[in-house]
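Inside the fold
Below, each chain spelled out in residue letters.
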Amino acid sequence: MKTQVLDKHQTDVAAEILKNGGVVGIPTETVYGLAADALNGEAVAKIFKAKGRPADNPLIVHIAELSDIEAFGLVRELPESAIKLAKEFWPGPLTMIMKRTDVIPREVSAGLDTVAIRLPSHPLAREIIKLAGTPLAAPSANLSGSPSPTTARHVLNDMDGKIDAVLDGGQSEVGVESTVITLAGETPRLLRPGGITVEQLREVLGEVEVDDAVLHRLADGAEAASPGMKYKHYAPRADVILLKCSDEDFINYINKHASDGVCALCCDEDLFLLKTKTVSLGRRGDYLTHARHLFDCLRRIDGNKTIHTVYSRLPSTEGVGLAVYNRLIRAAGFEVKEL
Ligand code: AMP
Ligand code: MG
């Protein structure tokens, strides 16, 4: 299959492919998504094939307007909490899980009785959904297990020849996947941290639980509330070692272990102090920028075949820091070295 590269004026071409059951990489504010008609099981199955995604990992359904939920009959009931969150954070990087109807194909829900829904803020994503005239199932447009794509180039690196098209809408603004909250249980629960922070969610809803899988490795055999959490995600080929230490010890430790195969995933302030290869997430403490750059940094590290070890600070769990922490702790296989 030849993968077409579309520019931002070709949303109509993307929509036509989607209407016909094809698969298109689309820009969103979080990361690039691999989109197909969410109400067409056969089209959705192509997403799983292109990504090599395990069939038990459900997809997020993307809509263009809040009213699409009722217009397409996606959920059994729209909880009060969903309306409150939508008012505050939609369009934006927040996914809400609700009880689904039978309109949702089993390919999308992967056997669960719930559906994950998001209204993205990226104008091109919304335009494509509107023109396609159907909600779009769209997981991140990477090969399963590799870092999520934040540019059309990243999508092509993983998907060239496997999908019908990719629409180039520039770099994703948020850079990490959406925050996922389930509203299907008694108490709202954060399943995945992202651009909307747990602090922001609590301001609107009061109590919000944080699922164990956000911060910790799931116990063997434990059921994951969000099936995606049980898979090894976001891992570059090199070993990632997270260091919990002072800024001074961070520099000294890495310089002591410097060699050709070592790279530091660091902050701008460290660049002149480190005697190894470096990839910077941005200014120290600027968690929004760290989130935006994280996956590109991991992909750049992957692109250098000589690198076998990556050292990084253990990220903060504050604000959007938690989203970076969640991705890096998985990349590191949950190991933290305390100096
Ligand atoms: P991605 O589209 O790659 O960002 O992955 C979607 C994430 O949402 C995965 O971690 C899924 O496990 C999660 N997800 C999607 N639908 C559901 C659902 N119905 N219940 C729980 N988690 C879900
Ligand atoms: Mg993904």
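Small disclaimer: the values here were computed from a predicted structure and weren't measured. (Residues numbered from 1 in each chain as written. Chains lettered and ligands numbered in written order. Predicted model: local features only at pLDDT ≥ 70, side-chain atom pairs only at ≥ 80, totals over all residues. Heavy atoms only, no water.)

What about helix H2 (residues 41–51)?
All of the buried residues along H2 are Gly41, Ala43, Val44, Ile47, Phe48, Ala50 and Lys51. Tucked into the core, H2 has its buried residues touching strand E3 (33–37), helix H5 (106–109), strand E7 (136–137) and helix H7 (152–159). The backbone nitrogen of Glu42 lies 3.1 Å from a side-chain oxygen of the residue at the head of H2, namely Asn40. One or two steps after H2, the chain reaches Gly52, where phi turns positive at roughly 70 degrees. (Buried < 20%, exposed > 50% of the residue type's maximum accessible area, 1.4 Å probe, protein only. Helix = DSSP H or I, 4+ residues; strand = E, 2+ residues; numbered from the N terminus. Contact = heavy atoms within 4.5 Å. Polar contact = N/O pair within 3.5 Å; in protein donor to acceptor, adjacent residues only side chain to side chain.)

Section: the pairing of strand E5 (residues 94–99)
Most of E5 is tucked away: five of the six residues are buried. In this sheet, strand E9 (residues 179–182) lies alongside E5 in parallel orientation, the contact comprising four bridges. Its bridge partner being in E9, Thr95 is matched across the sheet by Val180. Sheet analysis places E5 next to strand E6 (residues 114–118), joined by five bridges and oriented antiparallel. Bridge pairing links Met98 to Val115 in E6. (Pairing = 2+ DSSP bridges.)

Quick word on the sheet that holds strand E12 (residues 239–244)
Two orientations exist for strands paired in a sheet by backbone hydrogen bonds: parallel and antiparallel. What the five strands build is an open sheet, ordered E14-E13-E15-E12-E16; its pairing is parallel. Each edge of the open sheet is held by one strand with a lone partner, namely strand E14 (277–280) and strand E16 (336–338). Averaged over all pairs of adjacent strands, the angle between their axes in this sheet comes to 30 degrees, without regard to strand direction. Pairing between E12 and E16: three bridges, direction parallel. (Axes fitted to C-alpha atoms, helices over the stretch in contact; angles between N-to-C directions.)

Describing the sheet that holds E9
Pairing within the open sheet is mixed, and its 11 strands lie in the order E1-E8-E2-E3-E7-E4-E6-E5-E9-E10-E11. The open sheet terminates on both sides in strands that have one partner only, identified here as strand E1 (4–6) and strand E11 (209–210). The pairing of strand E2 (residues 24–26) with E3 spans three bridges and is classified as antiparallel. Residue Ile26 lies in a different strand from E3, and its bridge partner there is Gly33. Taken strand by strand, helix H4 (residues 80–89) contacts E5 and E9, and its axis lies near 165 degrees from that of E5. Each of E5, E9, strand E10 (189–192) and E11 touches helix H8 (residues 198–205); the most contacted strand, E9, lies at about 35 degrees to it.

Purely spatial values, then, with no claim about function.
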